[in-house]
Amino acid sequence: QIQKLHNEVGTPAATMAPRHVERLHALAGTVGRNVVVPFMLLLRLASFFRIGWLFKFAGLLGFAAVLSPAFFRVAWSYYTDDRITRDVRYGPNPRNRLDLFLPRGCAFFGQRVVDAEGASVSKNSANQSRPVIVFVTGGMWIIGYKAWGALLAMTLMRRGFIVASLDYRNFPQGTVGDMAADVGAGIGWVRRRAASLGGDPRKVFVVGQSAGAHLAAVALLRQTEWQRSEYPGYGAASSSSVGAPAPGAWSPKQLAGFVGVSGVYSPDDPSLVEHFDRKGLYREVFYAIMEAGFSGSRAFEALPRSSPCAIVREFESKEPGVVAETMPPTLLCHGQADTSAPPSESAKFAEALRKCGVSRVLEKYYPGKTHTDPFVTDPILGGRDALAEDISKFVRGVDGEDGVRAFAEGETSPPLMPRFLVSVARTMVPF
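Keep in mind it's a predicted model, so treat the numbers as computed, not measured.

### Examining the overall build of the chain
Here is step 1 of the chain: When its secondary structure is counted, the chain shows 17 helices and 8 strands.
Here is step 2 of the chain: For the chain, the residues scored as buried account for 52% of the 431 residues in total.
Here is step 3 of the chain: Counting only carbon and sulfur atoms, one obtains 59% of the accessible surface of the chain, whose full area is about 19,800 Å².

Written out as structure tokens, the structure is:
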């Protein structure tokens, strides 16, 4: 067949065979990454199995089944919209991939295109003030995936924001330290290419949802810690000497802002551990995720290292003023009826940041909203998307001179499916 093609189109058969082999290798890599590896990890996760997970899994399946018409519509756009570039590798570790949601006029020119030091978008460009959002999805540290952020990312993209939705290692493939390292590497990757993508390097924001909010906060605070010890930290190439500037190194104070949505910020709080245990994220599994040992034997040492609130307190006791100097402006959003991640978590983190002197800490609570309402069911219902609107307002700032389309007062979006089906799905969601 190769020779026949050679005769028909005049392409040397010797050059056709390697292309065929490359395609087979690419297909094998895709199957391995998306089928074999998840199956092996599922087997490892089975060692933590508890009977209560069956009920949680059944609820999740029911939730997804009822909302499947909306999810299919989102998936269709996710896979067919030419403004979305999927599966871009940002680091060397498994699942170090991201999706780019690029408005018209922006483009991804490949891995090797990196901003020059101090780069900015040309003043003649319509993108000169376009913000860039790094989105970190949630999933209980176990079932997170970059595509979960597609609905919010597409909403923000349509209004002119550049969005990079990160994937990262989940448990049991990695623990909290691995996940935070992946998130930090992803932030560094995006920041090094903000201008090349068509955005403003001075306006890079990090938005995390649920477990993603926790990991993003940990990554920001640990990055400060690394750099205070003269180590370049996450997202940096190796440096010739300790303390020397490293390519790709970034600092939280270089970011324009952080948004935490339905996050948890004090995993060292025994009452939160107990709460998760009752909700089905059993104590042994939570301890293992947080590197505290299956039995929790290292909980006293490990949990504060994974707690944004505890890290902030430690900074303030040892180096007062460091958090205020490095932490970017912060917006914390939470549903008041969230029974998965208590809204008190956002209140505690906001208080801890204010005590350290962080100048701009905003809180937004949504009455009657659950863990998934602001992020999933409300956008599917259509109407006013409160979360996307609040993120947009925070990112745009007070001047609004950023080249993106603002949410008009009272602006609504069309529903993706009937309200009664969404109401049925809300009764099934296990989160």
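Anyway, onward from the coordinates.
### Re the environment of Leu381
Here is step 1 of the chain: In this structure, Leu381 sits in helix α15 (residues 373–381).
Here is step 2 of the chain: Look at Leu381 and you get buried, because its relative accessible area is 17%.
Here is step 3 of the chain: For the pair Leu381 and Pro418, spaced 37 residues apart in sequence, the C-alpha separation works out to 7.3 Å.
Here is step 4 of the chain: Those residues within four positions of Leu381 in sequence are excluded, and the remaining contacts are Pro415, Arg419 and Val422.

### Re the confidence of the model for the chain
Close reading of the predicted structure is inappropriate where its pLDDT is low.
Here is step 1 of the chain: Looking at the chain, pLDDT values average 84 and 77% of them are 70 or higher.
Here is step 2 of the chain: Low pLDDT, under 50, characterises residues 1–16; the predicted model gives this stretch 10 contacts beyond four residues in sequence or across chains.
Here is step 3 of the chain: Low confidence marks residues 237–247, where pLDDT is under 50. Its contacts with residues over four positions away, or in another chain, come to 13 contacts.

### Remarks on the state of the cysteines
Here is step 1 of the chain: Evaluated as defined, the whole model comprises 0 disulfides.
Here is step 2 of the chain: Between Cys309, a free cysteine, and Cys356, which holds the nearest cysteine sulfur, the sulfur-to-sulfur gap is 9.9 Å.
Here is step 3 of the chain: Residue Cys309 is classed as buried on the basis of its relative accessible area of 3%.

### Brief notes about helix α9 (residues 270–279)
Here is step 1 of the chain: Here α9 has its buried residues at Leu272, Val273, His275, Phe276 and Asp277.
Here is step 2 of the chain: Where α9 is buried, its residues contact α10 (283–289), α11 (299–305) and α14 (344–355).
Here is step 3 of the chain: Following α9 by one or two positions, Gly280 adopts a phi angle in the positive range, close to 110°.

### As for the packing of α15 against helix α17 (residues 419–426)
Here is step 1 of the chain: It is the contact of α15 with α17, at a shortest axis distance of 9 Å, that shows an interaxial angle of 160°. By the angle between their directions, the pair α15 and α17 is classed as roughly antiparallel. Residues Asp373, Thr377, Ile380 and Leu381 of α15 form the contact with α17, whose participating residues are Arg419, Val422 and Arg426.

### A short note on the nonpolar core
Here is step 1 of the chain: Of all hydrophobic cores here, the largest spans 71 residues; its most connected members are Trp141, Phe258, Ile289, Met327 and Phe349.
Here is step 2 of the chain: Top element by residues in this core is helix α8 (residues 211–228). It accounts for 8 residues.
Here is step 3 of the chain: Every residue in contact with Met327, bar those within four places of it in the chain, is listed here: Leu220, Leu221, Phe258, Phe349, Leu353 and Val358.
Here is step 4 of the chain: If you look at the next biggest cluster of nonpolar residues, it comprises 42 residues, including Phe63, Val66, Ala150 and Ala425.

### Observations concerning the pairing of strand β6 (residues 257–261)
Here is step 1 of the chain: With 5 of 5 residues buried, β6 is to be regarded as a mostly interior element.
Here is step 2 of the chain: Bridging between β6 and strand β7 (residues 330–335) involves 4 bridges; their strand directions are parallel. Within β7, the position partnered with Phe258 by the bridge is Thr330.

### Some details on the packing of aromatic side chains
Here is step 1 of the chain: Per the counting criterion, the structure on display carries 9 aromatic pairs.
Here is step 2 of the chain: When the centroid spacing of 6.1 Å and the interplanar angle of 75° are considered together, the rings of Phe205 and Phe394 count as edge-to-face. Residue Phe205 is located in strand β5 (residues 204–209), and its partner Phe394 is located in helix α16 (residues 386–396); the two are separated by 189 residues in the primary sequence. Both residues of the pair, Phe205 and Phe394, count as buried.
Here is step 3 of the chain: Every member of this aromatic cluster is reached through a ring pair, and the members are Trp141, Phe276 and Phe286.
Here is step 4 of the chain: Stacked on the ring of Tyr78, the Lys or Arg Arg86 has its end atom at 5.8 Å from the ring centre.

### Here we look at unusual backbone geometry
Here is step 1 of the chain: Cis geometry is adopted by the peptide bond preceding Pro172, which originates at Phe171 and carries an omega value of 10°.
Here is step 2 of the chain: A positive phi angle, close to 60°, is found at Ser210, a residue other than glycine.
Here is step 3 of the chain: Note that Ser210 resides in the loop between β5 and α8.
Here is step 4 of the chain: A positive phi is found at Ser262, a non-glycine position, where the angle reads about 55°.
Here is step 5 of the chain: On the secondary structure map, Ser262 appears in the loop between β6 and α9.
Here is step 6 of the chain: Ser262 gets classed as buried once you look at its relative accessible area, which sits at 2%.

The rules behind each value
- Residues numbered from 1 in each chain as written.
- Predicted model: local features only at pLDDT ≥ 70, side-chain atom pairs only at ≥ 80, totals over all residues.
- Heavy atoms only, no water.
- Helix = DSSP H or I, 4+ residues; strand = E, 2+ residues; numbered from the N terminus.
- Buried < 20%, exposed > 50% of the residue type's maximum accessible area, 1.4 Å probe, protein only.
- Areas by Shrake-Rupley, 256 points an atom, 1.4 Å probe, with all protein chains shown as cover.
- Contact = heavy atoms within 4.5 Å.
- pLDDT = per-residue confidence, 0-100.
- Disulfide = S-S within 2.5 Å.
- Axes fitted to C-alpha atoms, helices over the stretch in contact; angles between N-to-C directions.
- Parallel < 35°, antiparallel > 145°, perpendicular 65-115°, else oblique.
- Core = buried A, V, L, I, M, F, W, Y, C linked by side-chain atoms within 4.5 Å.
- Pairing = 2+ DSSP bridges.
- Phe/Tyr/Trp six-rings, centres within 6.5 Å; stacked < 30°, edge-to-face > 60°.
- Lys NZ or Arg CZ within 6 Å of the ring centre and 35° of its normal.

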